[in-house]
Amino acid sequence: MVLVIVDTREPPEIAKRIEELLSDAVVVVKQLEIGDIHFGTLTVERKTAQDFINSWFSGRLQNQICNMVASKKVKRPLICVHLDGSENIAADDWDRLTKHVRTINFAVPTFAFRTFDELVFFLAEAYSHLRKGEWFDYVKRPVRVVENDPAKLPSAIIYAGLPGVGHELALRLAEIYPAPIDLTRAIQGVTKLDDAGKR
């Protein structure tokens, strides 16, 4: 038996579908501080494909990742992306999405699924492995722990996952932009200035 807690802000059909798929799950709906679903000791941030794309470009997803990595309450964070039944995403867009998933995987184990049902069965299997002492230890951490200033680490992990950003640059960016949304806004500001100069 596994306790599954679904955040109150999730659509009602999420909790209902988990109950339908997993006979040994006790599903409770209540407000969660971090994550959308607590599957046993797994903390899951659930994203539909479109929500994933929108929150990535807005910077909201990066902040959520930082909160998950920094929180002492979160022991096993996961990000799970799936296609919504109403979403019709082209093959090229799905390929681009999975590339972003691989980038974020540097910070938090991140997975993409074609359906929500696949996601649920995956969580059940992952939790079963975790109870046996097995986990995703192969996931690379591109930034070393900075003992003197561990507060820099969550943002630095995100920045190190960006193309062309190495360890040293990631740490410098974390110093200037502790919250990823600040870096996103700075880039947007530069883009606007560049566009204005072309007029």
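Residues numbered from 1 in each chain as written. Predicted model: local features only at pLDDT ≥ 70, side-chain atom pairs only at ≥ 80, totals over all residues. Heavy atoms only, no water.

### Some points on the packing of helix α2 (residues 49–58) against helix α3 (residues 60–70)
Step number 1: At a minimum axis separation of 4 Å, α2 and α3 run at an interaxial angle of 85 degrees. On the basis of the axis angle, α2 is roughly perpendicular to α3. On α3, the residues touching Asp51, Phe52, Ser55, Trp56 and Ser58 of α2 are Arg60, Leu61 and Gln62.
Step number 2: Within the contact of α2 with α3, the residues separate by chemical class into three nonpolar, three polar and two charged. (Axes fitted to C-alpha atoms, helices over the stretch in contact; angles between N-to-C directions. Helix = DSSP H or I, 4+ residues; strand = E, 2+ residues; numbered from the N terminus. Parallel < 35°, antiparallel > 145°, perpendicular 65-115°, else oblique. Contact = heavy atoms within 4.5 Å. Nonpolar A, V, L, I, M, F, W, Y, C, P; charged D, E, K, R; others polar.)

### Digging into the packing of aromatic side chains
Step number 1: Going through the model one piece at a time under the given rule, you end up with three aromatic pairs.
Step number 2: Ring centres of Phe111 and Phe122 lie 4.6 Å apart, and the angle between their planes is 45 degrees; on these two criteria the pair is classed as tilted. Separated by 11 residues along the polypeptide, Phe111 in strand β6 (residues 110–113) and Phe122 in helix α5 (residues 116–131) bring together distant segments of the chain. Of the two residues examined, Phe111 and Phe122, each falls in the buried class.
Step number 3: Where Phe113 meets Phe122, the ring centres are 5.2 Å apart and the plane angle is 45 degrees; that geometry is what we call tilted.
Step number 4: Accessibility expressed as a relative area gives 15% for Phe122, which makes it buried.
Step number 5: Grouped by ring-pair contacts, the aromatic residues Phe111, Phe113 and Phe122 constitute a single cluster. (Phe/Tyr/Trp six-rings, centres within 6.5 Å; stacked < 30°, edge-to-face > 60°. Buried < 20%, exposed > 50% of the residue type's maximum accessible area, 1.4 Å probe, protein only.)

### Regarding the sheet that holds β6
Step number 1: Strand order in this open sheet of six strands is β2-β1-β3-β4-β5-β6, and the pairing throughout is mixed. Only two strands of the sheet have a single neighbouring strand rather than two, namely β2 (25–29) and β6. Along the sheet, successive strands turn relative to each other by an average axial angle of 25 degrees, direction set aside.
Step number 2: The sheet contact formed by strand β1 (residues 2–6) and β2 spans five bridges and is parallel. Each bridged residue has a counterpart across the sheet, and for Val2 the counterpart in β2 is Ala25.
Step number 3: Sheet strands touched by α3: β4 (42–48) and β5 (76–82). Its angle to β4, the strand with the most contacts, is close to 175 degrees.
Step number 4: Sheet contacts for α5: β1, β3 (37–39), β4, β5 and β6; angle to β5, the most-contacted strand, approximately 160 degrees. (Pairing = 2+ DSSP bridges.)

### Looking at the nonpolar core
Step number 1: Counting residues in each nonpolar core, the largest one holds 27 residues, and the members touching the most others are Val4, Ile18, Leu42, Leu78 and Leu123.
Step number 2: With eight residues, α5 is the largest single contributor of residues to this core.
Step number 3: Those residues in contact with Leu42, other than ones at most four positions away along the chain, are Ile37, Arg76, Leu78, Leu123, Ala126, Tyr127, Leu130 and Trp135.
Step number 4: Judged by nonpolar contacts, the second largest core, of 14 residues, contains Ala49, Ile65, Ile89 and Trp94. (Core = buried A, V, L, I, M, F, W, Y, C linked by side-chain atoms within 4.5 Å.)

By themselves, these observations are geometric and do not establish any function.
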